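Fold and contact review
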Amino acid sequence: MPGVHEISSLSVPSLPRYARSVRMLAANLAAISKMSLEQVEDVRMIAEEAFILSCESGVDMVNIEFSLSDENLAMDFSLGEQDLQMDEHFVYADLILRAIADSFEIEEGHLKLEVSARRANEGE
């Protein structure tokens, strides 16, 4: 990602009880980038849904890379080598992530998301 200023990584067991750790780090990074409160809440929801989806991919550990720039916050969640099951949760998570994230794709074992860092003082 061009213009990346800071990269943070997090590795957590693939267990839903670690979702809070993931969403809190994501929300903190969104706040650091001076996103609006509404955007911070969106980032929190995106991170949690993406983490839970990653947990269902069968990996033992979910590795997440957060890339923070002046323009956006990008999150890359590891999915492992197995195909995701297209169950009800996947459909729900896919709907949420496509509706809220500015960019969302699943490719080669990674769930990649991006949220624009429109500054709170610039308006929506």
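A short tour of the structure in this document, coming up. Small disclaimer: the values here were computed from a predicted structure and weren't measured.

**Some remarks on helix α1 (residues 19–32)**
In this model, α1 (14 residues) spans 20 Å end to end at C-alpha, consistent with the 20 Å of a helix rising 1.5 Å per residue. Among the residues of α1, Ala19, Val22, Ala26, Ala27, Leu29 and Ala30 are the ones counted as buried. The buried residues of α1 all sit within an arc of 160 degrees when viewed along its axis, so they share a single face. Following α1 by one or two positions, Lys34 has its phi on the positive side, about 65 degrees.

**Topic: the nonpolar core**
It is characteristic of soluble globular proteins that their nonpolar side chains tend to be buried jointly. Core analysis: the largest hydrophobic core is formed by 34 residues, its most contacted members being Phe51, Met75 and Phe77. Of all the secondary structure elements, the ones that give two or more residues to this core are β1 (4–13), α1, α2 (37–55), β2 (61–69), β3 (72–78), α3 (88–100) and β5 (110–116). A total of 9 residues in this core trace back to one element, the largest contributor, which is α2.

What counts, and at which threshold
- Residues numbered from 1 in each chain as written.
- Predicted model: local features only at pLDDT ≥ 70, side-chain atom pairs only at ≥ 80, totals over all residues.
- Heavy atoms only, no water.
- Helix = DSSP H or I, 4+ residues; strand = E, 2+ residues; numbered from the N terminus.
- Expected span 1.5 Å × (residues − 1).
- Buried < 20%, exposed > 50% of the residue type's maximum accessible area, 1.4 Å probe, protein only.
- Arc of directions from axis to C-beta.
- Core = buried A, V, L, I, M, F, W, Y, C linked by side-chain atoms within 4.5 Å.

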